[in-house]
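Chain by chain, the residues run as shown.
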Amino acid sequence: FFPVLTRFFPMGRVAAAGDGADADETAALRAKLEDAERRLNSTALELRAALAKIHHGRANSSSPPGSPARVGRSCPCGHEGTTCAQHAGASFWRSFVLAYMVRAGVAVFSRGVGLLRSDSPRDAARFEKLLGEKHVHYREEAVRLGMFLGAFSGGYHLVRCQLCNRLGFAPERAALTAGTAAGLSAVFLKRPKRRAFAGYLAARLAQSALHSARAAREARRIEREDSQARLARLAETNGDVVTNDTFGERSSPKATSLRGALETFVGAHGDVLMFALSSAQVMYAYVMRPETLDPGFWNFIVRAGPIDKETLGAVRAQCNGSPVDLANLAQYAVPGKDPKAWTTGMRLPCIPCAIMHRDTGCVRCASHAFAASADTFRKCFPFYLSIHLVPFCVLNAAKALRNPVSTVTTATGATIRSTTFISAFVGSYMASICGLRWLRGGKEHRAAYYAAGIVAGSMLFIEKKARRGELALYLLPRAADSLVATMAVKRLVPNVPHADLLLFALVSGGLMHYFENEPETLAGFLRSGIARFTRRPNAPPPRSASEAVFQVVAEETPEEDGGDEARPGTRARDARG
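Residues numbered from 1 in each chain as written. Predicted model: local features only at pLDDT ≥ 70, side-chain atom pairs only at ≥ 80, totals over all residues. Heavy atoms only, no water.

1. Notes on the overall build of the protein chain
- Counting its secondary structure elements, the protein chain contains 20 helices and zero strands.
- Buried residues in the protein chain amount to 40% of all 577 residues.
- Approximately 32000 Å² of the protein chain is accessible, and the part contributed by carbon and sulfur atoms is 61%. (Helix = DSSP H or I, 4+ residues; strand = E, 2+ residues; numbered from the N terminus. Buried < 20%, exposed > 50% of the residue type's maximum accessible area, 1.4 Å probe, protein only. Areas by Shrake-Rupley, 256 points an atom, 1.4 Å probe, with all protein chains shown as cover.)

Written out as structure tokens, the structure reads:
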């Protein structure tokens, strides 16, 4: 009715009175018209509210229970046109397909590259060689990974929707509880993998908490400086003198300079220091306590390194004071056997370098280190190429198809850099072991493997700065897990059943809380990865696996402007603003 009435009552406009009209009559007419305009606006608002109420009442009577329309408003999670259960199911489907494609794609790509580098490259085009039953051993792990991520994404949406719709929680407040409940989906993973994931995410949670605390401290500092500036201006106005020594703190210039130098070093190279210390524990366990490492991770180190399992077992037995039978090294290939169980052979000051170098066939230790580095580069290049290329193509299929040359070029450059790092790591580790033996006059000590791990860890400087922190946080939980397992064997710490699952659930809740409330404290790739799996478009649930694949490929990962590192200064900038 409002547009029709406005044709007969022009709002806010009064024609100019004719020549000789009274000004008082014009003012009175203008006041009447303004009052009519206010009443019409109020009537239009009331009519709009009544129509909306009627519309929601009809929707509630025809919508199924649990849908956003039945509660009279859109779901706080942001999905429209589907019920909460349908949205959670669609999220499960897409996350499952996405995770399966990533894991299977890495395995198939690595297999194909291996066939191309073999004596018969034509086998790469034969399905029985590429996808034969004995070559698809990745299926179980791919299904486990898909079930884990699918249940996490779907469970998170389902629990959060119920908390918001039934208990009145705000979405940001419900993230902690929903993330903790969704973290129980880690039960689909094997225990070693679950422990590794829990440790890694715990390190990421600690990083986010540190960034959040740093940002809050910076915001308080800015607020304090602003208040001091206001007090100084007020004192100048009143003629008083204000000092900044509020708490009477004193520190010597020398202590201040040492503390500043230490903070500068840790801030610039803390990631390399953390990686070196973690490498020391991991490389020590690789030789002395392989049972404390994830079997898959230990086998990867053995395949990448130049020392076979038999030689490692002989070194472990010798360092524990047991006799070594050099004529029968095959008996030392079992990693979990107690080194003190060997009773045959002779006691040696160290395993001869001729035995340590037998994989490369080099006589001199320097030649062995260079040959081991080159061999590691050759063996690890296909693996790192699949790691850098396949996940990006699956998670960002549209971008990869738009610019395939740039995608392949970028992945190849990153692969060369990463493979150079791992090859330098292996070469420096072997050179350090041989050098420490030479310094001790041909004798060996188990602590030498700690020192060699620190030297090898310093090779992280080869990697880009953005990846150093990622690799350090990847290795740190593995080192901590190995240390805790060693302490548990010595009965220094209690053995808590299902502690890994409980830790994963708690860490998941914390990460989802930061993701919903302070996303700038998360690393860029972690933030975009969580958004890729948990923030789903308003698409209908897929009716088949093929439809789910097409929906996943059609999606694009949102652009991140923070790179790999977190951005802890956002809150401080907001406070300054």
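Continuing now.
2. Here we look at the packing of helix α6 (residues 171-182) against helix α17 (residues 499-517)
- Relative orientation of the contacting elements α6 and α17 amounts to 155°, with a least axis distance of 7 Å. It follows that α6 is roughly antiparallel to α17 by the angle criterion. Between α6 and α17 the crossing geometry is right-handed. Mapping the contact onto sequence places Glu172, Ala175, Leu176, Gly179 and Thr180 in α6 and Ala505, Leu506, Ser508, Gly509, Gly510, Met512, His513, Glu516 and Asn517 in α17.
- Residues belonging to the contact of α6 with α17 are distributed by class as follows: five nonpolar, seven polar and two charged. (Axes fitted to C-alpha atoms, helices over the stretch in contact; angles between N-to-C directions. Parallel < 35°, antiparallel > 145°, perpendicular 65-115°, else oblique. Left-handed = near helix turned anticlockwise from the far one by under 90°. Contact = heavy atoms within 4.5 Å. Nonpolar A, V, L, I, M, F, W, Y, C, P; charged D, E, K, R; others polar.)

3. Overview of the nonpolar core
- In this structure, Phe275, Tyr286, Val287, Tyr429 and Tyr449 are the most contacted members of the largest nonpolar core, which totals 39 residues.
- Of all the secondary structure elements, the ones that give two or more residues to this core are α8 (253-287), α9 (295-304), α10 (309-319), α11 (353-356), α14 (404-439), α15 (447-457) and α16 (465-489).
- Broken down by element, this core gets its largest block of residues, eight residues, from α8.
- When neighbours within four sequence positions are excluded, Tyr449 is seen to be in contact with Ala280, Met283, Tyr284, Val287, Met288, Val315, Cys319, Tyr429, Ile433, Arg437 and Glu444.
- Phe148, Ala178, Tyr514 and Leu522 belong to the second-largest nonpolar core, a separate cluster that totals 35 residues. (Core = buried A, V, L, I, M, F, W, Y, C linked by side-chain atoms within 4.5 Å.)

4. A few points about the packing of aromatic side chains
- In the structure shown here, the tally under the stated rule is 14 aromatic pairs.
- Where Phe96 meets Tyr100, the ring centres are 6.3 Å apart and the plane angle is 25°; that geometry is what we call stacked. With Phe96 and Tyr100 both in helix α3 (residues 84-116), this residue pair falls four residues apart, about one helical turn.
- The interplanar angle of 45° and the centroid separation of 6.2 Å between the aromatic rings of Phe148 and Phe197 together place this pair among those described as tilted. Of this pair, Phe148 sits in helix α5 (residues 139-166) while Phe197 is found in helix α7 (residues 191-238), placing the two residues 49 residues apart along the sequence.
- With relative accessibility at 29%, the residue Phe197 sits in the partly exposed group.
- Within the aromatic cluster, the residues linked to one another by ring pairs are Phe148, Phe152, Phe197 and Phe504.
- For the cation-ring pair, Arg173 lies above Phe169, with the distance from its terminal atom to the ring centre recorded as 4.7 Å. (Phe/Tyr/Trp six-rings, centres within 6.5 Å; stacked < 30°, edge-to-face > 60°. Lys NZ or Arg CZ within 6 Å of the ring centre and 35° of its normal.)

5. What to know about the pattern of salt bridges
- Scanning the entire structure with this criterion turns up 20 salt bridges.
- A cluster of three or more residues bridged by salt bridges with shared partners is formed by Asp35, Arg38 and Arg39. (Salt bridge = Lys/Arg side-chain N within 4 Å of Asp/Glu carboxyl O.)

6. Here we look at unusual backbone geometry
- Residue Arg491 is not a glycine yet carries a positive backbone phi of 60°.
- Structurally, the position occupied by Arg491 is in the loop between α16 and α17.
- Assessed through its relative accessible area of 77%, Arg491 is described here as exposed.
- Positive phi outside glycine occurs at His498, with the angle close to 60°.
- By the element assignment, His498 lies in the loop between α16 and α17.
- Given the relative accessible area of 58%, His498 is considered exposed.

7. Some details on a nonpolar patch on the surface
- Among the surface-exposed residues, Leu273, Leu277 and Ile454 lie close enough to one another that they form a single nonpolar patch of about 260 Å² accessible area.
- As for its position among the elements, Ile454 is in helix α15. (Patch = residues over 30% accessible without salt bridge, like charges linked within 9 Å, V, L, I, M, F, W, Y side chains within 5 Å.)

8. Brief notes about the confidence of the model for the protein chain
- Residues at a pLDDT of 70 or more form 75% of the protein chain, whose mean pLDDT is 77.
- Here residues 11-19 scores under 50 on pLDDT; set against residues more than four positions off or in separate chains, the count is 11 contacts.
- For residues 58-73, every residue scores under 50 in pLDDT, and the model assigns this stretch 22 contacts once sequence neighbours within four places are set aside. (pLDDT = per-residue confidence, 0-100.)

9. Re the side chain of Ser482
- Relative to the helices and strands, Ser482 resides in helix α16.
- Not counting residues up to four positions away in its chain, the partners in contact with Ser482 are Gln281, Ala285, Thr292 and Leu293.

10. Topic: a positive patch on the surface
- A cluster of basic side chains, namely Arg214, Arg217, Arg220 and Arg224, defines a positive patch on the protein surface.
- With respect to the helices, strands and loops of the structure, Arg220 is situated in helix α7. (Lys, Arg positive; Asp, Glu negative; His and termini not counted. Charge placed at Lys NZ, Arg CZ, Asp CG, Glu CD.)

11. Description of the side chain of Thr415
- When you line up the elements, Thr415 lands in helix α14.
- On the basis of relative accessibility, which here comes to 0%, the residue Thr415 falls in the buried class.
- In this structure the side chain of Thr415 is engaged in a polar contact, spanning 2.7 Å, whose partner is the backbone oxygen of Ala411.
- Ignoring any residue separated from it by four or fewer positions in sequence, one finds Thr415 in contact with Phe381, Tyr384, Leu385 and His388. (Polar contact = N/O pair within 3.5 Å; in protein donor to acceptor, adjacent residues only side chain to side chain.)

12. Things to note about the environment of Leu475
- For Leu475, the position within the fold is in helix α16.
- Between the C-alpha atoms of Leu475 and Ser278, which are 197 residues apart in sequence, the distance is 6.2 Å.
- Among residues more than four places away in sequence, those in contact with Leu475 are Phe275, Ser278, Ser279, Val282 and Phe297.

13. Quick look at the state of the cysteines
- The final tally for this structure, using the stated rule, is zero disulfides.
- Free of any disulfide, Cys365 has its nearest neighbouring cysteine sulfur in Cys434, separated by 3.6 Å. (Disulfide = S-S within 2.5 Å.)

14. What to know about the environment of Thr419
- When you line up the elements, Thr419 lands in helix α14.
- Given the relative accessible area of 0%, Thr419 is considered buried.
- Not counting residues within four places of it along the chain, the set of residues in contact with Thr419 comprises Phe377, Cys380, Phe381 and Tyr384.
- A polar atom in the side chain of Thr419 sits 2.6 Å from the backbone oxygen of Thr415.

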